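Here's the letter readout for the chains.
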Amino acid sequence: MSQVYYQNKLRLALIGQSLFGQEVYRHLKNEGHKVVGVFTVPDKNGKADPLASAAEKDGTPVFKFPRWRVKGKPVKEVIEAYQSVGAELNVLPFCTQFIPMDVIDYPTHGSIIYHPSVLPRHRGASAINWTLIQGDKKAGFTIFWADDGLDTGPILLQRECPVGPNDTVDDLYNCFLFPEGIKAMIEAVQLIADGKAPREPQSEEGATYEGIQKKENAEICWDQSAEALHNWIRGHDKVPGAWTQIDDQVVTLYGSSLFDGPIPAGKELAIKDAMKPGLVTKNGLVLFGNDGKMLLVRNMQFQDGRMIPASKYFSTDEMSIIELTEEEKIMANEIKSIWKGILSNVAAIEDATDFFKAGASSMDVVRMIEEIKQKCNGLQLQNEDVYMAPKFGDFIQAVVRKHRGEDKEEELVIDYVSKDVNSMTVKIPYQCFINGQFINAEDGKTYDSINPTDGSVIAKVSLATVADVDKAVAAAKDAFEHGEWGRMNARERGRLMYRLADLMEEYQEELATIESIDSGAVYTLALKTHVGMSVQTFRYFAGWCDKIQGSTIPINHARPNHNLTFTKKEPLGVCAIVIPWNYPLMMLAWKSAACLAAGNTLVLKPAQVTPLTALKFAELSVKAGFPKGVINILPGSGGLVGQRLSEHPDIRKLGFTGSTPIGKQIMKSCAVSNLKKVSLELGGKSPLIIFNDCELDKAVRMGMGAVFFNKGENCIAAGRLFVEESIHDKFVGRVVEETKKMKIGDPLDRSTDHGPQNHKAHLEKLLEYCEMGVKEGATLVYGGRQVCRPGFFMEPTIFTDVEDYMYIAQEESFGPIMVISKFKDGDVDGVLQRANRTEYGLASGIFTKDISKALYVSDKLEAGTVFINTYNKTDVAAPFGGFKQSGFGKDLGEEALHEYLRTKAVTVEY
């Protein structure tokens with residue numbers, strides 16, 4: 001019989017307050033410790049502190065002392081009340097009162113305190129603020145044994161976390177200090193109960209003490225770097241608030257982030273003592289440090305408590321009072337009753353009633369927003385709406401504006417990068433596209449999009465963050481659940497998609513030019529395939545919008561009644577799409593057209609190295625009339641943006657095209673998060689079998705296309721050619737002869753056959769691939785080198801004498817590398833076994849005049865697509881997808897729609 005281990009438990013006194021104290025209290029009780037008394041602050045405006053509320057609800061003794069000592073001496077009655085509970089340990093999770101040493105030292109085990117810094121750094125009551133103000137790269141907390149010093153007692157345990165460049169006090173508290181602090185307090189108590197708690201003396205080396213930050217000493221000193229200004233503002237956000245003087249009044253600044261990029265367009269705003277005027281832009285107030293660098297502030301608060309978006313500083317609309325309709329007056333009264341329910345201590349809700357000054361907390365904000373959503377026909381507000389208008393009258397005005405849609409009437413503003421190229425001026429958006437607007441990434445960071453033809457920078461593109469993903473998903477969810485898109489009939493949806501296809505065709509030369517300079521695609525191919533097939537794809541799926549149907553199903557009747565069962569095809573909701581860099585626009589179209597036709601909304605992440613046509617597509621979607629939030633585009637890294645998309649609980653489907661290892665990781669994350677639906681189009685090593693009875697000229701021409709099409713950056717490229725022995729040498733000779741004729745050069749030159757590889761890292765990988773082939777004994781017949789010119793050009797390459805065990809016979813190159821193996825004449829089954837001896841199964845091909853042989857081989861090949869006497873022949877109406885580790889799910893054709901739909905069965909008795 002196994003031994004049961006019972007942990008030691010203690011009698012505890014909790015001294016403190018706040019939600020943090022409440023959660024520590026609850027967790028300690030859940031762990032079996034006995035809380036013999038809670039000592040907290042008196043009620044404020046008739047409302048008890050959260051810790052007091054939780055303890056009173058449980059029947060735990062609660063003591064509410066305004067103070068523990070008077071004139072430096074302990075209050076006798078307070079000390080006696082404390083001693084009466086008989087605690088073995090004092091736990092101080094968050095305490096703003098001075099506790100006498102008579103109390104600290106009284107229990108058997110003394111007292112432990114939670115402090116939000118890595119002691120001995122930042123002793124004092126404003127530790128989190130100073131962590132940010134001083135630009136620390138790490139934050140954390142300490143649980144220490146209380147002594148008679150100020151945060152100087154021996155350390156029990158510590159935890160650390162990194163500080164992001166734009167993290168705020170709220171970020172650190174909500175993401176780490178609060179949740180991890182609760183866990184650590186519970187761990188610390190149990191260590192004490194088990195007799196295992198350490199007492200490590202604090203070092204005085206590196207010790208700092210900073211005073212409490214108050215409004216009077218939070219004024220901004222402008223003679224600092226942009227980073228120092230940013231740290232000062234975020235370190236005071238939201239309490240006490242960093243302030244400056246603008247137009248002879250005190251203005252407090254909130255929501256700071258570092259800003260990287262060119263100086264944006266905006267209207268100058270004079271700020272007292274600032275090095276130069278600020279700029280009011282569409283994204284907020286841009287400020288300048290003494291180093292010439294910039295930061296961006298989102299919100300401003302005036303002396304009367306009114307808060308506005310910084311971008312609206314010069315807007316007169318924000319100041320005007322609007323008259324309410326009768327319907328809006330009913331809504332306002334409903335909201336007033338919600339306020340009254342929360343602010344039960346307030347006699348009457350007036351226009352001047354301030355939500356927060358009346359005693360409301362951040363949890364009350366969430367409650368109010370949810371109640372308004374529930375009782376006001378799904379009206380969707382954000383936390384920021386409450387903070388921006390905390391007074392009831394102002395709040396009602398803001399809510400009515402939102403209800404009327406006045407906040408959605410702003411014209412789309414796009415900051416373009418313009419390039420004179422290909423005998424035209426192309427205008428390229430470079431920011432994230434979220435909720436119908438082009439905006440900078442949350443932290444203002446950008447990265448360079450490189451032209452592979454010469455290595456030059458095309459544009460500095462916004463580098464999306466996790467926060468941007470969350471905003472985009474929220475916008476897509478709102479558009480699906482509450483927006484015009486969710487209410488739109490299918491035929492109208494199809495009309496928008498036809499309009500978008502027409503616009504893509506109208507802008508096809510600009511799109512093809514952007515595709516060419518961003519991905520290296522030869523312009524003529526970009527025009528015909530990259531853009532041309534994208535237009536066809538949207539038109540094809542636009543036609544499907546009003547033809548998505550369920551079915552009626554005969555079932556047994558339960559006499560004397562009759563039954564009718566029918567099925568409905570419904571959209572899934574918010575879908576994520578992650579696409580590769582080889583066909584940037586076409587891969588976008590293949591997935592997003594089916595997704596939108598089914599009625600979903602989407603958040604799409606283009607490949608980090610080729611984001612530009614996706615952002616131009618976003619612009620065209622606005623011109624086409626797509627509602628805000630339906631389409632969102634986030635350029636950024638797969639490891640950050642793609643991972644967050646796969647983990648996000650509000651996404652119901654993820655479509656991915658890319659490598660098999662990344663596909664596996666995405667599938668795992670999708671399963672662990674919320675079991676979201678997944679479709680994967682992954683790697684390939686597609687076999688092309690050329691029999692000796694083929695039409696040789698055609699086999700040579702199409703065999704070269706099967707490998708070298710789009711510079712070999714083609715998911716269905718023939719990764720390995722099997723050539724029948726009797727024609728092997730002739731086939732190789734002809735291929736080499738024709739390959740030598742290929743013109744390598746500028747992809748915008750109409751006579752170019754072969755452009756640059758997509759990016760430098762890929763070129764280097766291909767060269768290593770060739771080195772591996774030579775090292776293992778394959779014969780390098782042609783190419784295998786980088787072309788001696790600027791850019792990322794590689795010679796088309798041909799290997800022969802490739803044996804089955806070799807690396808290049810088994811692994812995909814994803815480049816212009818032809819891998820040729822021979823097989824014995826007549827050995828059909830033998831070559832089939834070799835062709836199928838791979839974990840991939842995306843595509844395959846056969847060249848033979850014998851139709852019986854062709855059909856026999858096509859039956860045996862384990863691939864999602866089989867080409868017979870052709871190759872690369874894809875069509876928008878034909879389903880496309882792989883077997884085995886090449887993935888599952890289909891793009892294109894009617895089957896693609898089912899990837900973005902769910903089936904509901906309905907049974908009616910009549």
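Residues numbered from 1 in each chain as written. Predicted model: local features only at pLDDT ≥ 70, side-chain atom pairs only at ≥ 80, totals over all residues. Heavy atoms only, no water.

1. Remarks on the UniProt feature "binding site: (6R)-10-formyltetrahydrofolate" (unreviewed entry) in the protein
Look at the UniProt record and you will see "binding site: (6R)-10-formyltetrahydrofolate" (unreviewed entry) annotated at Gln97, Phe98, Ile99 and Asp151. Separation in sequence by 55 residues is not matched in space for these annotated residues, since their most distant C-alpha atoms are only 13.8 Å apart. Note that Gln97 resides in the loop between strand E6 (89-92) and helix H4 (101-104). On the basis of relative accessible area, Gln97 is assigned to the buried category, the value being 16%. Ignoring sequence-local partners within four residues, the contact set of Gln97 consists of Thr40, Val41, Phe65, Pro66, Arg67 and Trp68. A polar atom in the side chain of Gln97 sits 3.4 Å from the backbone oxygen of Pro66. With respect to the element layout, Phe98 can be found in the loop between E6 and H4. According to the relative accessible area criterion, Phe98 is exposed, its value standing at 63%. (UniProt positions renumbered as here; feature names shortened; annotations may be inferred. Helix = DSSP H or I, 4+ residues; strand = E, 2+ residues; numbered from the N terminus. Buried < 20%, exposed > 50% of the residue type's maximum accessible area, 1.4 Å probe, protein only. Contact = heavy atoms within 4.5 Å. Polar contact = N/O pair within 3.5 Å; in protein donor to acceptor, adjacent residues only side chain to side chain.)

2. Notes on empty space enclosed by the protein
According to the stated counting rule, one finds 3 cavities of 30 Å³ or more in the structure shown. Empty space within the largest cavity amounts to approximately 120 Å³. Of all the elements in the fold, those that place two or more residues in the lining of the largest cavity are strand E31 (718-724) and strand E34 (817-823). Considering only residue class, the lining of the largest cavity consists of 8 nonpolar, 6 polar and 2 charged. Quantified by volume, the second largest cavity comes out at close to 50 Å³. As for the second largest cavity, its lining consists of 13 residues, of which Pro687, Tyr840, Ala843, Glu862 and Ala863 are closest to the centre. Listing elements by their share of the lining of the second largest cavity, those giving two or more residues are strand E30 (686-690), helix H25 (828-836), strand E35 (840-841) and strand E36 (843-847). For the lining of the second largest cavity, the residue count by class is 7 nonpolar, 4 polar and 2 charged. (1 Å grid on protein atoms, 1.4 Å probe; cavity = no way out; pocket = protein on both sides within 12 Å on 5 of 7 lines; lining within 4 Å. Points joined across faces, edges and corners; volume = space filled by probe spheres on them. Nonpolar A, V, L, I, M, F, W, Y, C, P; charged D, E, K, R; others polar.)

3. Here's the deal with unusual backbone geometry
Here the amide bond leading from Leu119 into Pro120 is cis, since omega sits at 15 degrees, within 30 degrees of zero. Positionally, Pro120 belongs in the loop between strand E7 (111-115) and helix H5 (127-133).

4. Comments concerning the environment of Arg159
Of note, Arg159 is situated in strand E9 (residues 155-162). Arg159 gets classed as partly exposed once you look at its relative accessible area, which sits at 30%. Sequence separation of Arg159 and Ile143 is 16 residues, and the distance between their C-alpha atoms is 9.1 Å. Excluding anything up to four places from it in sequence, Arg159 contacts Val118, Ala139, Gly140, Phe141, Phe176 and Glu187. Of the polar contacts made by the side chain of Arg159, one reaches the side chain of Glu187; its length is 2.7 Å.

5. With respect to the pattern of salt bridges
The final tally for this structure, using the stated rule, is 39 salt bridges. One salt bridge in this structure joins Arg123 and Glu204, with 3.0 Å as the shortest N-O distance. Taken together, the positions of Arg123 in the loop between E7 and H5 and Glu204 in the loop between helix H6 (169-193) and helix H7 (226-235) put the pair 81 residues apart, joining distant regions of the chain. The partner of Lys853 in a salt bridge is Asp693, and the shortest N-O contact between them spans 3.5 Å. Separated by 160 residues along the polypeptide, Lys853 in helix H26 (residues 851-860) and Asp693 in the loop between E30 and helix H21 (696-708) bring together distant segments of the chain. Under the relative-accessibility criterion, Lys853 is labelled buried at 18%. Connected via shared salt-bridge partners are Arg298, Glu442, Asp468 and Lys471. (Salt bridge = Lys/Arg side-chain N within 4 Å of Asp/Glu carboxyl O.)

6. What to know about a nonpolar patch on the surface
Judged by side-chain polarity, Leu564, Val908 and Tyr910 come together as a nonpolar surface patch covering roughly 280 Å² of accessible area. Turning to its location among the elements, Tyr910 is positioned in the segment after strand E40 (901-909). (Patch = residues over 30% accessible without salt bridge, like charges linked within 9 Å, V, L, I, M, F, W, Y side chains within 5 Å. Areas by Shrake-Rupley, 256 points an atom, 1.4 Å probe, with all protein chains shown as cover.)

7. Comments concerning helix H17 (residues 584-597)
Every α-helix carries 3.6 residues per turn, so stepping three or four residues along brings you back to the same face. Compared with the 20 Å implied by 1.5 Å per residue over 14 residues, the 20 Å span of H17 between its first and last C-alpha is a close match. With 14 of its 14 residues buried, H17 lies for the most part within the structure. Just downstream of H17, Gly599 is the residue with a positive phi angle, here 100 degrees. (Expected span 1.5 Å × (residues − 1).)

8. Side note on the packing of aromatic side chains
The final tally for this structure, using the stated rule, is 28 aromatic pairs. On the numbers, 4.7 Å between centres and 10 degrees between planes, the contact of Phe39 with Phe63 is stacked. Placement of Phe39 in strand E2 (residues 34-40) and of Phe63 in strand E3 (residues 62-64) is noted, with a sequence separation of 24 residues between them. Note on Phe39: relative accessible area 0%, which makes it buried. Cluster of aromatic residues (ring-pair linked, three or more members): Phe20, Tyr114, Phe141, Tyr173, Phe176 and Phe178. A cation sits over an aromatic face here: Lys267 above Phe314, 4.2 Å from the ring centre. Across the ring face of Phe793, the terminal group of Arg789 is positioned such that the distance to the ring centre comes to 4.3 Å. (Phe/Tyr/Trp six-rings, centres within 6.5 Å; stacked < 30°, edge-to-face > 60°. Lys NZ or Arg CZ within 6 Å of the ring centre and 35° of its normal.)

9. Examining the sheet that holds strand E32 (residues 779-782)
The strand order E32-E33-E34-E31-E30-E36-E37 describes an open sheet built from 7 strands, whose pairing is mixed. On the outer flanks of this sheet lie E32 and strand E37 (865-868), each paired with one strand and no other. Mean inter-strand twist for the sheet, computed between neighbouring axes without regard to direction, equals 25 degrees. Judged from the 4 bridges that link them, E36 and E37 form a sheet pairing that is parallel. Pairing of Gly845 across the sheet is with Phe867, part of E37. Packed onto the sheet, H21 meets E30, E31, strand E33 (797-800), E34 and E36 and runs at close to 130 degrees relative to E34. (Pairing = 2+ DSSP bridges. Axes fitted to C-alpha atoms, helices over the stretch in contact; angles between N-to-C directions.)

10. Some thoughts on the UniProt feature "site: Essential for catalytic activity" (unreviewed entry) in the protein
In this structure's numbering, the residues bearing the UniProt feature "site: Essential for catalytic activity" (unreviewed entry) are Asp151. Of note, Asp151 is situated in the loop between strand E8 (138-145) and E9. Since its relative accessible area comes to 12%, Asp151 is described here as buried. When residues no more than four places from it in sequence are discounted, the contact partners of Asp151 are His115, Leu119, Arg123, Gly124, Phe144 and Gln202.

11. Quick notes on the sheet that holds strand E23 (residues 552-553)
Pairing between the strands of a sheet comes from backbone hydrogen bonds, and it takes one of two forms, parallel or antiparallel. What the 3 strands build is an open sheet, ordered E23-E24-E40; its pairing is antiparallel. What marks the edges here is a single partner per strand, and that holds for E23 and E40. Here E23 runs beside strand E24 (residues 563-571); their pairing, made up of 2 bridges, is antiparallel. By the bridge assignment for E24, Thr552 is matched with Phe566.

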